[in-house]
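# Report on the structure
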Amino acid sequence: MPIALQAGLWGPLSVSALLLGALIGWFVPLKQRIVAALMAFGAGVLISALSFEPVDEAWKEGGLPPVAGGFLAGALLYTLANDWLSRRGARHRKRSHEQKRTAQAEKHPDNSSALALGALLDGIPESIVIGVSLLEGGAVGLVAVIAVFLSNIPEVLSSAAGMKAEGKRAAGVFALWGAIALVSGISAALGYILFAGVQPELLAFVQAIAAGAILAMIVDTMVPEAFEGAHDFAGLISVAGFLAAFGLSRMA
């Protein structure tokens, strides 16, 4: 099977958790504290597997300057895009807290497009990391796939629960996450196709951009939900997620 096609299949597989999380968030009434704990765990997993490892690999490929530049550029691009979307109704897209989501819906009654773009903004860097990982010897970064899968469940679970509280229709919500899974597959394939054969410094820069965007996303969208529900235990749960991903990376 062509490697580009493999990348296109690994991407949707890793974000198939979007549909699983949406189903749980829509049909299973979970307490906010449980959702927040899952979010904290997912944040720890991503910090370990999708921030540290890509940056470390990028440093080995291109050295410090492209890594530092890409990492800051990715964080800046994500922050600017997230700020723009937040002012259009996507600020609390990962929140399950009914009061915050209701206030957002009242201020932005037609925020579906902003929510969709926000979800894409969160997911595309993860898929690019998976696609680029195939450039390293033609084997997918299994830990990256597992990390994205584990972190996506609490992300979309929280968001789907919040959308339900807003009165969104189930068909629209599930169509949204299905479309994002498809776009994620395309992003993973493009991550392989566009950067195959490029200079190591450029590849390092791209990896660092994705990692910087992911870390900014974690702090901007996942950590607030985790702390709001889990409070003083959020840090401990995040450390457990970090260790889980770290252990997987050492066993892989």
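Keep in mind it's a predicted model, so treat the numbers as computed, not measured. Residue numbering note: each chain is counted from 1, following its sequence as written. Owing to the predicted nature of the model, reporting of local features is limited to residues with pLDDT of at least 70; listing and counting of side-chain atom pairs is limited to 80 or more, with chain, interface and lining totals taken over all residues. Side-chain measures were taken over the full set of non-hydrogen atoms in the model, leaving aside hydrogen atoms and water.

Right, let's get into the layout of surface pockets. For cavity detection a 1 Å grid was placed over the protein atoms alone, and a set of points counts as a cavity when a 1.4 Å probe fits there but cannot get out; an open set counts as a pocket when protein lies on both sides within 12 Å along at least five of seven lines, with lining residues being those that have an atom within 4 Å of a point. Grid points are joined across faces, edges and corners, and a volume is the space filled by probe spheres set on the points. Volume-wise, the second largest pocket comes out at about 260 Å³. Forming the walls of the second largest pocket are 16 residues, and the residues nearest its centre are Pro125, Ile128, Ile209, Ala210 and Ala213. A run of DSSP states H or I qualifies as a helix once it reaches four residues; a run of E qualifies as a strand once it reaches two. Both are numbered from the N-terminal end. Elements supplying a minimum of two residues to the lining of the second largest pocket: helix H4 (64-90), helix H6 (112-133), helix H8 (170-193) and helix H9 (200-230). Among the residues making up the lining of the second largest pocket, the classes are represented as 13 nonpolar, 3 polar and no charged. Note on residue categories: nonpolar means Ala, Val, Leu, Ile, Met, Phe, Trp, Tyr, Cys or Pro, charged means Asp, Glu, Lys or Arg, and polar means any other residue, Gly included.

As a further point, take a nonpolar patch on the surface. Like charges are joined within 9 Å and nonpolar side chains (Val, Leu, Ile, Met, Phe, Trp, Tyr) within 5 Å, but only among residues with over 30% relative accessible area and no salt bridge; these make up the patches. Using a 1.4 Å probe, the Shrake-Rupley method yields the accessible areas, and only the shown protein chains count as cover for residues. A pair is scored as a salt bridge if a Lys or Arg side-chain nitrogen falls within 4 Å of a carboxyl oxygen belonging to Asp or Glu. Taken together, the side chains of Leu23, Phe27, Val28, Leu30, Ile34 and Leu38 present a nonpolar region at the surface, about 510 Å² in accessible area. Within the residue set of the nonpolar patch, elements represented by two or more residues are helix H2 (17-27) and helix H3 (32-62). Its place among the elements puts Leu23 in helix H2.

Nonpolar cores are built from buried Ala, Val, Leu, Ile, Met, Phe, Trp, Tyr and Cys residues. Side-chain atoms within 4.5 Å join them into one set. Only protein chains enter the accessibility calculation, which uses a 1.4 Å probe. A residue is then buried if its area is under 20% of the maximum for its type, exposed if over 50%, and partly exposed in between. Counting 25 residues, the largest nonpolar core has Leu46, Leu50, Met217, Ile218 and Met222 as its most contacted members. For this core, the secondary-structure elements that each account for two or more residues are H3, H6, helix H7 (142-166), H9 and helix H10 (234-251). Take this core: its biggest share by element is 9 residues, from H9. Here, two residues are considered to be in contact whenever any of their heavy atoms come within 4.5 Å of each other. Once residues within four sequence positions are removed from consideration, Ile218 is found in contact with Ala43, Leu46, Ile47, Val223 and Pro224.

So, on to the pattern of salt bridges. Inspection of every chain in the model, using the stated rule, returns 1 salt bridge. Of the charged contacts, one joins Lys60 and Asp56 as a salt bridge, the two residues approaching to 3.5 Å between their closest N and O atoms. Remark: Asp56 and Lys60 occur in helix H3; sequence separation between them is 4 residues, near one turn of the helix. Asp56 gets classed as partly exposed once you look at its relative accessible area, which sits at 26%.

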